[in-house]
Structures are given as structure tokens and as C-alpha cells.
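Commentary on secondary and tertiary structure
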Amino acid sequence: MPTPEDVLNALRKVEVPDLGHDVVSLGLVQDVKMMHGIATFTMLLKPHATALQGQLDQPLKAAVKGITGVQDVAIHWLVKPDTPAPNKGAPPGGPASLPPGIKTVIAVGSGKGGVGKSTVTVNLALALAKTGAKVGILDADIYGPSVPFLLGVIDHKPQVHNEKLVPITVHGIKVMSMGFLLPDPEEPVVWRGPMLAGAMRQFFHDVDWGDLDYLLVDLPPGTGDVPLSLIQLVPLTGAVIVLTPQPVAAAIGTKTLRMLQASKAPILGIIENMSHFVCGHCGETTDIFTRGGGRTVAEHAQVPFLGEVPLDPVIRASGDAGVPVVLVEPNGPQAKAFDDLARTTLEQLLQVAGQATRHG
């Protein structure tokens, strides 16, 4: 008769895709039992790693059914919410925490403006939503909120329910932005540090976000008050840095990367935007801003390189029209670039989850 140890030994041969470690060494297998020829065990997943169920279910069953004497396999899939530790530098009044219902917070930052960070954020969010996930965007660029423009909802105003702001829902994702709260979209926001910190706190805790698998936070460029306030207020699951290929943009982007690293936020990786231009007539590729700066920064900083997004008129035009390219051309090469980024970002989230599991 097979034993639980036989089952564990069989499961050690099943690796988690892209992590290079087996499910047992990652601590994902619990409560293994054998009874009357039926093997039962629990698979423990983090909230942002639930996609693993579809990828691992059949390999796990096949591995265990290969044991002589095993007639059937029953797997119980259990999602265990993260219990985040307080961030260093958390403000007085208690540890940093996530609002109930938000499983994963991904900060999207850049060293300078004009690198297409908000365009990447919006399309990445929609690409994640295509996987069936519940996704939200917090436009934390207080001085220059552009997410409402890119999503075509600049004239929308959030309602209030039970003393909380209700995010605008567009294209299946939830969005909150300072742009929704200004009486005039062209009105400047002239605030100093304490007011910015208060706005960030309100956007997290006075907004009815509901249940979200991923909340993407579009940070303002640079290393100023808003990114610092976010790091202090919220335990980030991970951070992504967007930059363009030319050396000056890469060098400035490195400053934001180092700020986030100093905060102990896990760096999911670097995205190189406007990487190259592909002629729509002849198909020739031109490296307008040179190429490879993002990969060079990633290699130098020893962080993942998540991928490239081309400089493409379709991406620009769709953003100007308020319907991002992931929706306009869902099967086109431009959308594929963001679908690939969503995949590599999820892979890095799994890496982070695996490291957290191994280290308790």
C-alpha cells in the first residue's frame, strides 16, 4: 500500500512553471493522506498565484497516479491570503496595510515623464483583465493624471456610497484618479508633501475598491513625495519600472529603481517602452531611441527584464481615442506585446510568492 511519503516523493518531480523548483520544496503541498487507494492532499496558493491551479492540476494527478497502488487522486486547492509585514518607515498610527479585498498591489514607476508609463499601466491592466482577473488602476500621478484620458472617462465623476468613493468602472476594470475629482481637468494641483500623503491615504482607504486580484498604481515620475508616501502607506507586492532605451532615460530610471529597492519593495522587473519602430509599409525596424537600454539597466541592477513595447502609431492613436490598443486590436502585434508583459509580470509575481513561501 502506498504511503504519504511515496506521494510526496512523486510530487517532488512536479516543478512550478518558470520557477525551477518543485511544489514540495516551495512548501505548496500540505496534509498528504492515503486511504483505500485514494491519495488526497492540499495545494496552498497565494492570491496572485491562483492561475497555477489550471497549470498544475493534471501534472500533479499524473505524477501520483503513476504510483503502484494509487487508484485515484483528490486535490484540495486552498488560497491563503498574504499577511504583509509593515513596510520600513511606516507612518505613525499603525503598520501599513492593504484595504480588505485587495490581494496584490503593483506600483508602476519611471524616472522621468514622457516615457509612456501611464500607457503601459493601462494596457498592462487590461491585459491582466483578459486572463479573467479582477483589476483596478489607481492613478497616483496627482500633478498630471492621464489615466482618465487614456481610458476615455475624463468627464466621469465617482459616486459616494457608505461614505466611500466608488471607482469608475470602464472596460471591466476599476479606476480612481485625481482627474475625476477636479472641477476643471486643466486645473493645476498645487499641493505640498503632507497634502499629497493625505491624498494617497484616502485613495487607498476611502475608496470602495471591492475585491481585486491586482491593483496597479500609476506613480508620478521621479522619487518625490507621492512615491515615498505610497511606500510608507502600503505593503507593495512588487514594482515595475518603465523606461525608454536612450542612456539618459535609462540612467534616470535607475534612480527610481534604487529608491524602490531601498524600500524593500520586490522589483518585478524593467519594461522598455518605445523600444523600436516597425514601418507599417515595409516592415523595416528602426531603433529611433537606440535599443537595449532597459535590458542593460536590468542586467546591471540584477533584476528581471520583462520585455519591450514598440513605438507604434496605433498605440498612440488608441490612447488618444480613449480605447487602449489591447482592446482596439486584441489580436494584433501591439496587443501581443502587452499580453507578453502580463505573462512575464505574473511569472515574476510567482517568483516573489515562491521566495516568500521558502522563507516563511
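Only a predicted model underlies this, so the values are computations on that prediction, with no experimental measurement involved.

Digging into the pattern of salt bridges
All chains considered together, the criterion is met by nine salt bridges. A salt bridge links D57 to K61, with the shortest nitrogen-to-oxygen separation between them at 3.3 Å. Residue D57 and its partner K61 are located together in helix α2 (residues 52–65), separated by four residues, close to a single helical turn. With relative accessibility at 16%, the residue D57 sits in the buried group. The partly exposed category is assigned to K61, whose relative accessible area is 23%. The salt bridge partner of K117 is D218, with a shortest N-O separation of 2.7 Å. Of this pair, K117 sits in helix α3 (residues 117–129) while D218 sits in strand β10 (residues 214–218), placing them 101 residues apart in sequence.

What to know about the packing of helix α7 (residues 247–262) against helix α8 (residues 293–301)
Contact geometry for α7 and α8: axes closest at 10 Å, N-to-C directions at 35 degrees. Remark: the crossing between α7 and α8 carries right-handed chirality. On α8, the residues that touch A250, T254, L257, R258 and Q261 of α7 are G293, V297, H300 and A301. Here the contact of α7 with α8 is built from residues that sort into four nonpolar, four polar and one charged.

Description of the pairing of strand β2 (residues 38–45)
Buried residues dominate β2, accounting for six of its eight residues. Pairing between strand β1 (residues 29–35) and β2: five bridges, direction antiparallel. Of the residues in β2, the one forming a bridge with Q30 is T42. Where β1 folds back on β2, the antiparallel hairpin that results is connected by two residues, among which H36 adopts a positive phi of roughly 55 degrees.

Quick look at the sheet that holds β10
If you trace the eight strands from one edge of the open sheet to the other, you get β8-β9-β5-β10-β4-β11-β12-β15, paired in mixed fashion. Either end of the sheet is taken by a strand with one partner, and the two such strands are β8 (168–170) and β15 (305–308). On average, adjacent strands in this sheet sit at an angle of 25 degrees to one another, irrespective of strand direction. Inspection of the sheet shows strand β4 (residues 105–109) paired to β10 by four bridges, in the parallel sense. Counted as the bridge partner of I106 is L216 from β10. On top of the sheet, α3 reaches β4, β5 (135–139), β9 (173–177), β10, β11 (238–243) and β12 (267–272); it is set at about 175 degrees to β10, its chief contact. Helix-sheet contacts for α8 involve β11, β12 and β15, and the interaxial angle to β12 is about 155 degrees.

Rules and cut-offs
- Residues numbered from 1 in each chain as written.
- Predicted model: local features only at pLDDT ≥ 70, side-chain atom pairs only at ≥ 80, totals over all residues.
- Heavy atoms only, no water.
- Salt bridge = Lys/Arg side-chain N within 4 Å of Asp/Glu carboxyl O.
- Helix = DSSP H or I, 4+ residues; strand = E, 2+ residues; numbered from the N terminus.
- Buried < 20%, exposed > 50% of the residue type's maximum accessible area, 1.4 Å probe, protein only.
- Axes fitted to C-alpha atoms, helices over the stretch in contact; angles between N-to-C directions.
- Left-handed = near helix turned anticlockwise from the far one by under 90°.
- Contact = heavy atoms within 4.5 Å.
- Nonpolar A, V, L, I, M, F, W, Y, C, P; charged D, E, K, R; others polar.
- Pairing = 2+ DSSP bridges.

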